[in-house]
Amino acid sequence: QVQLVESGGGLVQAGGSLRVSCVASGSIFSINTMGWYRQAPGKQRVLVAYITGGGNTGYADAVKGRFSISRDNAKNTVTVYLQMNSLKPEHTAVYYCNVTGRSALDYWGQGTQVTVSS
């Protein structure tokens, strides 16, 4: 099993920056890809960015050039970060961490609220 703990959400003014973090523990050796999704009120959860075990990254078109995903592999934990710059009100959502890997591993974090005021 993998445990995910997210942090770093909050309220920020438009144009500001936030960094959200997700610490994975447990069976981290099975993790390959870590990603961030977001879900705005009344909308489906959508992919924001991902990073593979090899360091390859991908971004939704809406955040390219504004958001940056990174990953820190430690002995007993793996942390994925999402640096969000030049935030807009439309970026307001609950941001969820997701990890996938071997043996159909697929876990979600509890979500962290990001609110961007205009």
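The structure this text deals with has already been given above.
Figured I'd write up the structure that's included with this text. (Residues numbered from 1 in each chain as written. Predicted model: local features only at pLDDT ≥ 70, side-chain atom pairs only at ≥ 80, totals over all residues. Heavy atoms only, no water.)

## Overview of the overall build of the chain
Using the following cut-off: Numbering of helices and strands starts at the N terminus; helices are DSSP runs of H or I of at least 4 residues and strands are runs of E of at least 2. Here the globule rule is a power law, 2.2 Å times the number of residues to the power 0.38, and the radius of gyration is based on C-alpha atoms. Buried, partly exposed and exposed residues are distinguished by accessible area as a fraction of the type maximum, computed with a 1.4 Å probe on protein chains only: under 20%, between the cut-offs, and over 50%, respectively. Whether two residues are in contact is decided by their heavy atoms: any pair within 4.5 Å suffices. Positive charges are assigned to Lys and Arg, negative charges to Asp and Glu, while His and the chain termini are left out of the count. The location of each charge is read from NZ of Lys, CZ of Arg, CG of Asp or CD of Glu.
For the chain, the count of helices and strands is zero helices and eleven strands. Each helix (α) and strand (β) of the chain, taken in turn from the N terminus, gives the series β-β-β-β-β-β-β-β-β-β-β. Relative to the 2.2 N^0.38 estimate, which gives 13 Å for 118 residues, the radius of gyration of the chain is 14 Å and therefore close to what a compact globule would have. Dimensions along the principal axes, computed over C-alpha positions, put the chain at roughly 40 × 25 × 20 Å. In the chain, which comprises 118 residues, the share counted as buried stands at 41%. When contacts within the chain are restricted to residue pairs at least 6 apart in sequence, those whose partners lie at least 24 apart make up 55%. Computed over 10 positive and 5 negative side-chain charges, the separation of the two mean positions in the chain equals 2 Å.

## A closer look at the state of the cysteines
For clarity, the threshold we go by: Cysteine sulfur atoms are paired as a disulfide whenever they fall within 2.5 Å.
Throughout the structure, instances matching the rule amount to one disulfide. Residue pairing for Cys-22: its cysteine sulfur links by disulfide to Cys-97, the two sulfurs lying 2.2 Å apart. On the sign convention where negative means left-handed, the S-S torsion of about -80° between Cys-22 and Cys-97 marks this disulfide as left-handed. Placement of Cys-22 in strand S3 (residues 18-26) and of Cys-97 in strand S9 (residues 93-101) is noted, with a sequence separation of 75 residues between them. The residues Cys-22 and Cys-97 share a single accessibility class, namely buried.

## Re the nonpolar core
Spelled out, the test is: Think of a nonpolar core as a cluster: buried Ala, Val, Leu, Ile, Met, Phe, Trp, Tyr and Cys residues, connected wherever their side-chain atoms sit within 4.5 Å.
Formed by 29 residues in total, the largest nonpolar core has its most connected members in Trp-36, Leu-82, Met-84 and Tyr-95. When contributions to this core are tallied by element, the ones reaching two or more residues are strand S1 (2-7), S3, strand S4 (31-39), strand S5 (46-51), strand S7 (67-73), strand S8 (77-84), S9 and strand S11 (112-117). When sequence neighbours within four positions are dropped, the list of residues in contact with Met-84 reads Gly-16, Ser-17, Leu-18, Val-20, Arg-66, Phe-67, Tyr-95 and Val-114.

## Description of unusual backbone geometry
Keep in mind that most residues, glycine aside, have a negative phi and that most peptide bonds are trans. For Ser-86, which is not glycine, the phi dihedral falls at a positive 50°. With respect to the helices and strands, the residue Ser-86 is situated in the loop between S8 and S9. Not every positive phi belongs to a glycine, and Ala-104 is a case in point at roughly 60°. Tracing the backbone shows Ala-104 in the loop between S9 and strand S10 (105-108).

## What to know about the pattern of salt bridges
We apply this condition: We define a salt bridge as a contact between a side-chain nitrogen of Lys or Arg and a carboxyl oxygen of Asp or Glu at a distance within 4 Å.
One pass over the full model with this rule turns up one salt bridge. A salt bridge links Lys-64 to Asp-61; the nearest nitrogen and oxygen atoms lie 3.1 Å apart. When its relative accessible area of 65% is taken as the criterion, Asp-61 is described as exposed.

## Concerning the packing of aromatic side chains
Spelled out, the test is: Any Phe, Tyr or Trp ring, taking Trp's six-membered ring, that has another such ring centre within 6.5 Å forms a pair; planes under 30 degrees apart are called stacked, those over 60 apart edge-to-face, and the others tilted. The criterion is that NZ of a Lys, or CZ of an Arg, lies within 6 Å of the ring centre and within 35 degrees of the ring normal, and then a charge sits over that ring.
Applying the stated criterion across every chain, the model contains one aromatic pair. Here Tyr-37 and Trp-108 contribute two aromatic rings whose centre-to-centre distance is 4.9 Å and whose plane-to-plane angle is 65°, an arrangement assigned as edge-to-face. Pair noted here: Tyr-37 is in strand S4 and Trp-108 is in strand S10, with a separation of 71 residues, a long-range link. Of the residues examined, Tyr-37 reaches a relative accessible area of 22% and is grouped as partly exposed. Its end group placed over the ring of Tyr-96, Arg-45 keeps NZ or CZ at 3.6 Å from the ring centre.

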